[in-house]
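Descriptive analysis of the structure
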Amino acid sequence: MVREKALEAGLLEAVRVPYELAQEVNKLWPTLERLARVCNLGTASDLQVGARCLETSVWGAYHNVIINLSSLKDELKKVELQMEIDASVKVAQDGLLRVLEALRERQSK
């Protein structure tokens, strides 16, 4: 029983780190979107690459969380964390689209 609790706690810690990374990365989308609306268009490709890298980092965190969730015994916690990391991916995808669209709008003028 003690061993199982320790394993569960370790798994939750293994989930916490990439989960928190995804949360921190997603805080950057409003800043990137503002930059996309005012940056020198000569740097647009740099901003596009940066935005894609941020989205990719959230996907990396997602896959890390999912791998560890598969071993978690607490089904309610597993479902809760799955929903939260899914939401994080959605935030990243939407953020990326907003940044790319803001740049596209400016480049088409």
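As a reminder, the structure under discussion sits directly above these lines.
For the structure given in this document, a descriptive report is provided here. Note that the coordinates shown come from a computational prediction; the quantities given were computed from them, not determined experimentally. (Residues numbered from 1 in each chain as written. Predicted model: local features only at pLDDT ≥ 70, side-chain atom pairs only at ≥ 80, totals over all residues. Heavy atoms only, no water.)

By the definition in use, this model includes ten salt bridges. Between Arg37 and Glu33 there is a salt bridge; the shortest N-O distance is 3.0 Å. Residue Arg37 and its partner Glu33 are both found in helix H2 (residues 29-38); the two are separated by four residues, about one turn of the helix. Linking Lys77 and Glu80 is a salt bridge whose minimum nitrogen-to-oxygen distance equals 3.7 Å. Placement of the pair is Lys77 and Glu80 together in helix H4 (residues 75-107), with a separation of three residues, close to one helical turn. (Salt bridge = Lys/Arg side-chain N within 4 Å of Asp/Glu carboxyl O. Helix = DSSP H or I, 4+ residues; strand = E, 2+ residues; numbered from the N terminus.)

Turning to H2, a few remarks are in order. Structural remark: α-helix, 3.6 residues per turn; residues separated by three or four positions point the same way. Inspection of H2 places Trp29, Leu32, Glu33 and Ala36 among the buried residues, and these make up the whole buried set. Looking straight down H2, one finds that the buried residues subtend no more than 100° of arc, so they occupy a single side. Exposed side chains of H2 directed beyond 90 degrees from the buried face belong to Arg34 and Val38. Buried residues along H2 sit in contact with helix H1 (2-26), helix H3 (44-69) and H4. (Buried < 20%, exposed > 50% of the residue type's maximum accessible area, 1.4 Å probe, protein only. Arc of directions from axis to C-beta. Contact = heavy atoms within 4.5 Å.)

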